[in-house]
Amino acid sequence: MNPELVGRVFPPTAPYLVGREKVREFARAVFADDPQHTDPAAAQALGYPDVVAPLTFAMVIQDLTLQQLLAEPDSGIALERTIHAEQRFRYSRPIVAGDELTAQLSISGVRAMGTGAMVTSEAEITDAAGAHVVTATSVLLVGGDE
Amino acid sequence: MSALEVGEVVAERSVSLTRESLVRYAGASGDFNPIHYRDDVAARVGLPGVLAHGMLTMGLAVETLVPWLGDSGRILEYGVRFTRPVVVDAEEGATVHVVAKVAVVEEDAARIDLTVTSGETTVLGKAQVRIRL
């Protein structure tokens, strides 16, 4: 685990276009049975242009940033030795079908734990206009080399 | 929304998970870690069995609250700790039980705490949702 990762900011991910059927598929997978997640008319009645993604859908976008972190040659992070310890989301608004989202990852903390480390990463997810949608924070427990 | 009282249960449900649920979540989320669908891999890495994705448990837990809230845009923050895994047996599956209770009420926001259990085990820690009133 490389302690010099702290403060590192990654380039923004390529835009991700949120599709209505993807939102429905994800809603079914997380037992999100409220109609705002699947029925455009129900979402529109709440003032949204299309179906509203479940609260944890942001993980799909955040995952693109975690792939960047794992691909970093000097990170010292191997997926098979990594445990997802904590997850948080801070929302400005829900993700809605039709959104084109970009995520930018920064590493806000690395704390040594035995031979491994606790890594806190923040992915700031913004829409096509550049407005903040949600910040996804992950705490990963990364095992040391054996 | 009428005044909330600390300690009030605002939503509750049980969700039955099967191996099919895990495969469905893997496809929807893109998380294809085989510990979530292969017994041999789970055993090899020393797990008690095939586990539900932590993010599946986190996701279904908060959605318990949405029909009561009305608009999921009222959720300002949501966070959990993944404390214990949910083991999903190939035949029996697993049941996840969610209770959402008012923990803190402020002038324009409230904190709802989720108690998320499978059998006797609490599987998420500090599962807290901050909502706009």
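So, how was this worked out
- Throughout this description, residue numbers start from 1 for each chain and increase along the sequence as written.
- Labels follow written order: the first chain is A, the first ligand is 1, and so on.
- Side-chain atom pairs in this predicted model are given and counted only at pLDDT of 80 or more, local residue features only at pLDDT of at least 70, and totals for whole chains, interfaces and linings cover all residues.
- The convention used is that axes are lines fitted to C-alpha atoms, helices contributing only their stretch in contact, and that angles between N-to-C directions extend from 0 to 180 degrees.
- Only runs of H or I of at least four residues qualify as helices and only runs of E of at least two qualify as strands under DSSP, and these elements are numbered from the N terminus.
- Angles below 35 degrees are treated as roughly parallel, those above 145 as roughly antiparallel, those between 65 and 115 as roughly perpendicular, and all remaining angles as oblique.
- In this scheme, a crossing is called left-handed if the near helix is turned counterclockwise away from the far one by less than a right angle; it is called right-handed if the turn is clockwise.
- Here, residue contact means that the backbone-derived C-beta atoms of the two residues sit within 7 Å.
- Only Asp, Glu, Lys and Arg are considered charged in this grouping, and only Ala, Val, Leu, Ile, Met, Phe, Trp, Tyr, Cys and Pro are considered nonpolar; every other residue, Gly among them, is considered polar.
- Given a helix with a known number of residues, its expected span is that number minus one, times 1.5 Å.
- Three exposure classes are used, all based on how many other C-beta atoms lie within 10 Å of a residue's own C-beta (placed from the backbone): buried at 20 or more, exposed at 12 or fewer, and partly exposed between those limits.
- A pair of strands is treated as paired once DSSP finds two or more bridges between them.

A. Quick peek at the packing of helix H1 (residues 20–29) of chain A against helix H1 (residues 19–29) of chain B. Interhelical geometry of H1(A) versus H1(B) gives an angle of 150 degrees and a closest axis separation of 9 Å. The angle between H1(A) and H1(B) places the two elements in the roughly antiparallel class. The handedness of the crossing between H1(A) and H1(B) comes out as left-handed. Residue-level contacts link A:Glu25, A:Phe26, A:Arg28 and A:Ala29 of H1(A) to B:Arg24, B:Tyr25, B:Ala28 and B:Ser29 of H1(B). Here the residues of the contact of H1(A) with H1(B) sort into four nonpolar, one polar and three charged.

B. Highlighting helix H3 (residues 58–71) of chain A. Given a rise of 1.5 Å per residue, 14 residues ought to cover 20 Å, and the 20 Å separating the end C-alpha atoms of H3(A) matches this to within 8%. Among all positions in H3(A), only A:Ala58, A:Met59, A:Val60, A:Ile61, A:Gln62, A:Thr65, A:Leu66 and A:Leu69 are buried.

C. Representation of the pairing of strand E3 (residues 100–113) of chain A within the structure. Residue and element names in this part refer to chain A. Of the pairings in the sheet, the one linking strand E1 (residues 16–17) to E3 comprises two bridges and is antiparallel in character. In the sheet register, Tyr-16 faces E3, and the bridge partner there is Leu-101. Pairing analysis gives 11 bridges linking E3 to strand E4 (residues 116–126), with the strands arranged antiparallel. Paired with Ile-107 across the bridge in E4 is Ser-121. What sits between the antiparallel neighbours E3 and E4 is a turn of two residues, in which Gly-114 has the positive phi angle 60 degrees.

D. How the structure looks around unusual backbone geometry. All names here are of chain A. Of note in the backbone geometry, Phe-31 takes a positive phi value of approximately 55 degrees without being a glycine. In this fold, Phe-31 is placed in the loop between H1 and helix H2 (40–45). Among the residues examined, Phe-31 registers 21 C-beta atoms within 10 Å and is labelled buried.

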